[in-house]
Amino acid sequence: MPSLGADMEDGTFIEWHAEPGQKVARGQVICVVETQKGAVEVEIWEAGVLAKLIAAPGQRIPVGQVMALLATGTEDWKAIAAAAASPAAPPPPPVRAALQPPVAAFDASGAAPPLSGRLKVSPAARRRAEELGIDLAAVKPSGAHGAISMANVELAAAAIEPRDAQAAMRDAIAAAMSRSKREIPHYYLASAINAENSIAWLEKRNASVPIGERVLFVALQLKAVACALRETPELNGFYQGGKFRPGPGMHLGVAVSLRGGGLVAPALHDVDKLSLAELMARLKDLLRRARSGQLRSSEMADPTITVTNLGDLGVDTVFGVIYPPQVALVGIGRSAVKPWVTDGAIVPARIVQATLSGDHRVSDGMRAARFLVELDRLLQQPESLV
Amino acid sequence: MSGTVHINYREALRQGLREALLRDERVFLMGEDVGRYGGSYAVSKGLLEEFGEERIRDTPLSESTFVGAGIGAALNGMRPIVEVMTVNFSLLALDQIMNNAATLRHMSGGQLNVPVVIRMTTGAGRQLAAQHSHSLEGWYAHIPGLRIVAPATLEDARGMLYTALQDPDPVLIFEHASLLNLEGEIAADPQSVDIDYAAVRRQGTDLSLITYGGSLMKSLQAAATLAEGGVSAEVIDLRSLRPLDDSTIIASIAKTHRALIVDEGWKSGGLSAEITARIMEQAFYELDAPVSRICGAEVPVPYAKHLEDAAIPQVDGIAAAARDLVK
């Protein structure tokens, strides 16, 4: 089970999009997993042949637990599948942990406690609990000899209220943001950028192409952010285990608010290398899928910086909270016509407020200021961002 | 021929004997009182008159001698059916059965085989006391080289004998004495029956009653009682006690996840213990409750009616154990 976000502990398996014996390429979608942020298509991160599918629909699987076996290189997938099917294969380790609750948790309604202090669970019930992701310590026994029976497990599973997706997402955001404000010493920089050149250039470009190929200002902003990050790589990456790790590319997390409430910030990959037209197409696709809950695992897991634009709502300035383990967040407000002094004259111009929230453990205001300067410079030369 | 015929277990056994005698001239029956007296349980009544003294042979009261003679005849190409009055008396012939019948194929490197069929009565329920009432088929099922079968239905009572005679090696048939008056309708036209597989006599989903012989009908009655209480019991008739048909047992447990073994024999070192062990070996992870057993009490079978009843599995006890298992 891949980690589809820093705070993810487990995911509920939905379905396979691949079969045993199927050849898969790196990046291919092989299954769908339900997370607190919605259903996510999981892409496999290594090429090979799928030998055995282990995860079953409805199972709640901790991050890091095996979901499938993959034959790579010259390995024979059938041999791997056969070896996995033999009884010698060890049980998955997380299950054992679940089977060893404190002795005090044992309540067999009057029955003598088992000699070993181990929960009395029928073998079939144990297997069923594993399938349903049920913690046996919380199941009330009523079976023969005061043991937990299969029926007890199924009753316990039915009693678990389906988790409210909205509430779960709220919890996830709360956890991530609390962690951010608890751990990350934020600093904030803001800069007013004259967007007249960019917008005028875009309007001219858009007038000459069909509606479907028009590019929104937000796409240009994203491209400018990605290119500006080349100057200040310490804003792009992760802070983990007390150390900064630079991002492998300019993977911009685009904050998307969802209709039912809550938000996600899936990644657009290598934005600095995309043409403006390609970037726009990807952005549209990403927004559509984010709102219909069809995001891919890589999009969820690896944004290296987040960009949030609240301009549509009339907000002038955004002071964002960094999404850990990222180390910076770029906020962009609305473009509003304001008085602007240029060459000694006051002229009306469309102005946007760009802000940077930075992690002071990793970067300093001095260096980060260069990012906003570079962002401004790039937006004055929109033709350089094509 | 078609249609059904009303018949009892005793008559079904007799039909099986007649059919074997008619179909194969190498077949003959011998044992104590099988001829002039018509068999101690009247199974062979009338056969002496029909087939004559050559083929229906009364023997002296010496189990070792006439079982040994049967083995000798089988070695020389005949297809003898040896009747031993009860399993308790068969112990006098145990040396012949175990040391000769069961071993000769192996000791001769395959040169000699012993196609003898030995029929005997087993079980309690008729107040015949400890020397006539035990269920020792589990002992015989311990011995490699023997095939052990237990007809518990009218069809099997009629059909198992001929199939057993086709086996090139010794087959022991255990007929439970309490079944002799069991009546019912069966096909008038004898069908051949196998002696290899267990049979699911009643389908169910909540637990598997695994039984054979004299306990089958009791288990079926218990299953009917259980059904009234909403418990769906599957009933497996083992039919063959050696070899055991593991696959039918395991398939049933994979469905019901609970097993109750009903065996009139004793628990200790018995057939029920062997079946339990096989379930543990092959279906442990299917079990939702410990394997349970209703068996004969570990005493010599008593003479007094109430004590005898208490010493062997009964319908109420089977049903109660089943309810405990599924609660």
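Residues numbered from 1 in each chain as written. Chains lettered and ligands numbered in written order. Predicted model: local features only at pLDDT ≥ 70, side-chain atom pairs only at ≥ 80, totals over all residues.

1. Quick look at the overall build of chain A
Here's step 1: A count of helical and extended segments in chain A gives ten helices and 18 strands.
Here's step 2: By the burial criterion, 34% of the 386 residues in chain A qualify as buried.
Here's step 3: Contacts in chain A between residues at least 24 apart in sequence constitute 62% of all its contacts with a sequence separation of at least 6. (Helix = DSSP H or I, 4+ residues; strand = E, 2+ residues; numbered from the N terminus. Buried ≥ 20, exposed ≤ 12 C-beta atoms within 10 Å, placed from the backbone. Contact = placed C-beta atoms within 7 Å.)

2. A closer look at the overall build of chain B
Here's step 1: A tally of regular secondary structure across chain B gives 13 helices and 14 strands.
Here's step 2: Across the 327 residues of chain B, 50% fall into the buried class.
Here's step 3: Of the contacts made within chain B by residues no fewer than 6 positions apart, 79% connect residues no fewer than 24 positions apart.

3. Regarding the confidence of the model for chain A
Here's step 1: Across chain A, the average pLDDT comes to 85, with 90% of residues at or above 70.
Here's step 2: Low pLDDT (under 50) marks residues 88-114 of chain A, which in the prediction has 26 contacts with non-local residues, meaning those over four places away or in another chain. (pLDDT = per-residue confidence, 0-100.)

4. Comments concerning the sheet that holds strand S11 (residues 233-237) of chain B
Residues and elements named next belong to chain B.
Here's step 1: Pairing in this open sheet of five strands is mixed, and the strands run S9-S11-S10-S13-S14 from one edge to the other. The sheet is open, and its two borders are formed by strand S9 (199-202) and strand S14 (292-296), each paired with just one other strand. Neighbouring strand axes in the sheet, compared pairwise and without regard to direction, differ in orientation by 25° on average.
Here's step 2: Across five bridges, the pairing between strand S13 (residues 259-266) and S14 is parallel. Looking at the pairing, Asp263 lines up with Cys295 of S14. (Pairing = 2+ DSSP bridges. Axes fitted to C-alpha atoms, helices over the stretch in contact; angles between N-to-C directions.)

5. Some remarks on the environment of Gly331 of chain A
Residue and element names in this part refer to chain A.
Here's step 1: Along the chain, the position of Gly331 falls in strand S17 (residues 328-342).
Here's step 2: Between the C-alpha atom of Gly331 and that of Asn309, which follows or precedes it by 22 residues, the distance is 5.8 Å.
Here's step 3: Leaving out residues up to four positions away in the same chain, Gly331 has contacts with Thr308, Val318, Phe319, Gly320, Thr355 and Ser357.

6. Some words on unusual backbone geometry
Here's step 1: Omega for the peptide link from Pro324 of chain A to Pro325 of chain A comes to 5°, which places this bond in the cis form.
Here's step 2: The topology assignment puts Pro325 of chain A in the loop between strand S16 (305-309) and S17.
Here's step 3: Going from Arg242 of chain B to Pro243 of chain B, the amide bond is cis rather than trans, its omega being 0°.
Here's step 4: For Pro243 of chain B, the position within the fold is in the loop between strand S12 (240-242) and helix H10 (246-256).
Here's step 5: Backbone geometry places His257 of chain B, a non-glycine residue, at a positive phi of 65°.

7. Side note on the nonpolar core
Here's step 1: In this structure, Leu209 and Ala322 of chain B are the most contacted members of the largest nonpolar core, which totals 106 residues.
Here's step 2: With seven residues, helix H8 (residues 154-165) of chain B is the largest single contributor of residues to this core.
Here's step 3: Judged by nonpolar contacts, the second largest core, of 66 residues, contains Leu220, Leu229, Leu356 and Leu385 of chain A. (Core = buried A, V, L, I, M, F, W, Y, C linked by C-beta atoms within 7 Å.)

8. Considerations on the pairing of strand S3 (residues 29-35) of chain A
Two faces, one strand: in a regular strand the side chains alternate between the faces of the sheet.
All names here are of chain A.
Here's step 1: Across the seven residues of S3, five count as buried, placing the element largely inside the fold.
Here's step 2: Examined bridge by bridge, strand S1 (residues 10-16) and S3 share four bridges and lie antiparallel to one another. In the strand pairing of S3, Thr12 is matched with Glu34.
Here's step 3: The sheet contact formed by S3 and strand S4 (residues 38-43) spans six bridges and is antiparallel. Residue pairing in the sheet places Val33 in a bridge with Val40 of S4.
Here's step 4: Between the antiparallel neighbours S3 and S4 lie two residues.

9. Some words on the interface of chain B and chain A
Here's step 1: Contact residues are listed per partner, giving eleven residues for chain B and ten residues for chain A.
Here's step 2: The class makeup of the residues in the side of chain B that touches chain A is six nonpolar, one polar and four charged. (Nonpolar A, V, L, I, M, F, W, Y, C, P; charged D, E, K, R; others polar.)

10. Some remarks on the sheet that holds strand S15 (residues 295-296) of chain A
The strands that make up a sheet pair up through hydrogen bonds in the backbone, lying either parallel or antiparallel.
Here's step 1: In space, the five strands of this open sheet follow the order S6-S1-S3-S4-S15 (chain A), with mixed pairing throughout. The outermost strands of the open sheet, each flanked by one partner alone, are strand S6 (60-62) and S15 of chain A.

11. Notes on the confidence of the model for chain B
Here's step 1: Mean pLDDT over chain B works out to 96, with 99% of the residues at or above the 70 mark.
Here's step 2: With a pTM of 0.58, the predicted complex shows an ipTM of 0.72.

12. Quick word on the packing of helix H3 (residues 63-75) of chain B against helix H5 (residues 94-101) of chain B
Residues and elements named next belong to chain B.
Here's step 1: Remark: H3 packs on H5, axes separated minimally by 8 Å, with the N-to-C direction vectors making an angle of 25°. Regarding the angle of H3 to H5, the classification is roughly parallel. Between H3, through Ser64, Val67, Gly68 and Ile71, and H5, the contact on the second element is made entirely by Asp95, Gln96, Ile97, Asn100 and Ala101.
Here's step 2: Of the residues in the contact of H3 with H5, the class split is four nonpolar, four polar and one charged. (Parallel < 35°, antiparallel > 145°, perpendicular 65-115°, else oblique.)

13. Remarks on the environment of Glu15 of chain A
Residue and element names in this part refer to chain A.
Here's step 1: Position of Glu15 among the secondary structure elements: in strand S1.
Here's step 2: Judged by local crowding, Glu15 falls into the exposed class, with 12 C-beta atoms found within 10 Å.
Here's step 3: Sequence spacing of Glu15 and Ala55 is 40 residues, and the spatial spacing of their C-alpha atoms is 8.7 Å.
Here's step 4: Aside from chain neighbours lying at most four places away, what touches Glu15 is Cys31, Val32 and Pro57.

14. Concerning the packing of helix H1 (residues 9-23) of chain B against H8 of chain B
Packed helices, taken two at a time, are described by the angle their axes make and the gap between the axes.
Residues and elements named next belong to chain B.
Here's step 1: Two elements in contact, H1 and H8, have axes whose closest approach is 7 Å; the angle formed by their N-to-C orientations is 25°. Viewed along their axes, H1 and H8 adopt a mutual orientation that is roughly parallel. The chirality of how H1 crosses H8 is right-handed. In this structure, H1 contributes Tyr9, Ala12, Leu13, Gln15, Gly16, Leu17, Glu19, Ala20 and Arg23 to the contact, and H8 contributes Leu154, Ala157, Arg158, Gly159, Leu161, Tyr162 and Leu165.
Here's step 2: Split by residue class, the contact of H1 with H8 holds ten nonpolar, three polar and three charged. (Left-handed = near helix turned anticlockwise from the far one by under 90°.)

15. A word on the environment of Glu298 of chain B
Residues and elements named next belong to chain B.
Here's step 1: Considering the arrangement of structural elements, one finds Glu298 in the loop between S14 and helix H12 (305-311).
Here's step 2: C-alpha of Glu298 to C-alpha of Trp266: the two residues are 32 residues apart in sequence and 5.9 Å apart in space.
Here's step 3: Dropping the residues within four chain positions of it, Glu298 is found in contact with Trp266, Lys267 and Ser268.

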